[in-house]
Amino acid sequence: MEELELYAKENNIPIMQKDGILYLCNYIKDNNIKNILEIGSAIGYSSIMMASISNDIKVTTIERDKDRYEVAVSNIHKYNLEDRINIIYGDACDIEIEGYFDLIFIDAAKGKNTFFFEKFKNNLSIDGVIITDNLSFHGLVEDSSLIKTRNQKGIVNKIKSYIEFLDNNKEFTTTYIPVGDTISISKRRIDNE
Ligand code: SAH
Ligand code: MG
């Protein structure tokens with residue numbers, strides 16, 4: 001996996017940070033998660049990490065960038081995980097997925113988090129969780145004095161509005177874990193209490 005981490009670093013591919021992916025893998029283990037849908041494969045790093053936890057874990061993952069998709073396909077092949085990682089090339093906005101998942105992991109375009117949450121919650125099993133990455137944006141969300149460009153400000157605003165969406169959600173309750181670039185864990189409320 002170090003090879004993949006190095007490749008990502010050299011090519012500026014925003015794979016999950018080490019403590020974030022380790023936390024996620026432990027969460028998957030502890031909660032006996034078996035079926036995972038990931039939005040944003042990049043080069044397959046996180047899907048390979050998740051599928052490597054145990055032989056009965058299956059990952060479906062979507063990537064819209066052709067070059068990254070191709071690198072991911074070859075990495076998945078290298079790790080012999082073709083039969084447990086189903087990678088789909090295309091824009092997750094347009095792709096309909098069948099079936100139910102114990103975990104939906106959203107790690108794609110930050111401005112689309114709410115859209116992906118609403119779209120793919122229909123594929124979430126009853127007691128499943130939706131986990132989203134990058135809710136801190138390197139600390140810029142918490143500390144606006146770090147914002148240097150208009151582009152950064154735009155992204156921060158999108159993340160803030162997603163956090164607002166989660167905090168006000170009647171159907172799901174969310175906790176935030178300050179690992180990696182901060183992840184959120186959203187679960188269905190029981191009886192919508
Ligand atoms: N989960 C990966 C990192 C993903 S980086 C890991 O930790 O290893 C985010 C990826 O999401 C990028 O490669 C980007 O091309 C992809 N992406 C962004 N918007 C997307 C969309 N609408 N549909 C599919 N993939 C998307
Ligand atoms: Mg990420």
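A brief look at the structure comes next. (Residues numbered from 1 in each chain as written. Chains lettered and ligands numbered in written order. Predicted model: local features only at pLDDT ≥ 70, side-chain atom pairs only at ≥ 80, totals over all residues. Heavy atoms only, no water.)

Next up on the list: the coordination of the magnesium ion (ligand 2). Note on the magnesium ion (ligand 2): its protein donors are Asp107 (OD), Asp133 (OD) and Asn134 (OD1). The metal-donor distances range over 2.1 Å. Along the chain, the residues that donate to the magnesium ion (ligand 2) are spaced as D-x25-D-N. Residue Asp107 is found in the loop between β4 (101-106) and α5 (113-120), and its partner Asn134 is found in the loop between β5 (124-132) and α6 (150-167); the two are separated by 27 residues along the sequence. A relative accessible area of 14% means that Asp107 is categorised as buried. (Donors = N, O, S within 2.8 Å, 3.2 Å for Na, K, Ca; no water. Helix = DSSP H or I, 4+ residues; strand = E, 2+ residues; numbered from the N terminus. Buried < 20%, exposed > 50% of the residue type's maximum accessible area, 1.4 Å probe, protein only.)

A separate point is the packing of α5 against α6. With their axes 9 Å apart at the nearest point, α5 and α6 run at an angle of 35 degrees to one another. Taking contact as the criterion, the partners of Asn113, Thr114, Phe117 and Glu118 in α5 are, on α6, Tyr162, Phe165 and Leu166. Along the lines of polarity and charge, the residues of the contact of α5 with α6 split into four nonpolar, two polar and one charged. (Axes fitted to C-alpha atoms, helices over the stretch in contact; angles between N-to-C directions. Contact = heavy atoms within 4.5 Å. Nonpolar A, V, L, I, M, F, W, Y, C, P; charged D, E, K, R; others polar.)

Our next topic: the pattern of salt bridges. Applying the stated rule across the entire model yields seven salt bridges. With its nearest N and O atoms 3.6 Å apart, the salt bridge here joins Lys78 to Glu3. Within this pair, whereas Lys78 is found in helix α4 (residues 66-78), its partner Glu3 is found in helix α1 (residues 2-10), the two being separated by 75 residues in sequence. By relative accessible area, which is 56% here, Glu3 ends up exposed. Bridged by salt links that share partners, the residues Glu118, Lys121 and Glu171 form one connected network. (Salt bridge = Lys/Arg side-chain N within 4 Å of Asp/Glu carboxyl O.)

Close to ligand 1 lie 21 residues; Met16, Glu63, Arg68, Asp91 and Asp107 are nearest. Within the side chain of Asp91, an N or O atom sits 2.9 Å from a nitrogen atom of ligand 1. Compared with its free state, where it exposes 580 Å², ligand 1 has 94% of that area covered by protein. Mapped onto the shell around ligand 1, the elements with two or more residues apiece are α3 (45-51) and β2 (58-63). For the shell around ligand 1, the per-class residue count stands at ten nonpolar, four polar and seven charged. (Near = heavy atom within 4 Å. Polar contact = N/O pair within 3.5 Å; in protein donor to acceptor, adjacent residues only side chain to side chain. Areas by Shrake-Rupley, 256 points an atom, 1.4 Å probe, with all protein chains shown as cover.)

The subject of this paragraph is the pairing of β4. Most of β4 sits inside the fold, with five of its six residues counted as buried. Two strands pair when backbone bridges link them, and strand β1 (residues 35-39) and β4 are joined in this way by four bridges, in the parallel orientation. Residue pairing in the sheet places Leu37 in a bridge with Ile104 of β4. Here five bridges tie β4 to β5, and the two strands are oriented parallel to one another. (Pairing = 2+ DSSP bridges.)

Ordered in space as β3-β2-β1-β4-β5-β7-β6, the seven strands form an open sheet in which the pairing is mixed. Pairing within the sheet leaves two strands with one partner each, and these edge strands are β3 (85-89) and β6 (172-177). In this sheet, neighbouring strand axes are inclined to one another by 15 degrees on average, regardless of whether the strands run parallel or antiparallel. Strands β4, β5, β6 and β7 (183-188) of the sheet are contacted by α6, whose axis makes an angle of about 130 degrees with β6.

What the rule picks out here adds up to seven aromatic pairs. On the numbers, 6.0 Å between centres and 20 degrees between planes, the contact of Tyr162 with Phe165 is stacked. Separated by three residues within a single helix, Tyr162 and Phe165 lie in helix α6, roughly one turn from each other. For the pair formed by Tyr162 and Phe165, the shared burial category is buried. Feature note: the residues Phe117, Tyr162, Phe165 and Phe172 constitute an aromatic cluster, connected by ring pairs. (Phe/Tyr/Trp six-rings, centres within 6.5 Å; stacked < 30°, edge-to-face > 60°.)

Next up on the list: α6. Taking 1.5 Å of rise per residue, 18 residues should cover 26 Å, and α6 covers 26 Å from first to last C-alpha, within 8% of that figure. Those residues of α6 not exposed but buried are Val156, Ile159, Tyr162, Ile163, Phe165 and Leu166. The elements touched by buried residues of α6 are β4, α5, β5, β6 and β7. (Expected span 1.5 Å × (residues − 1).)

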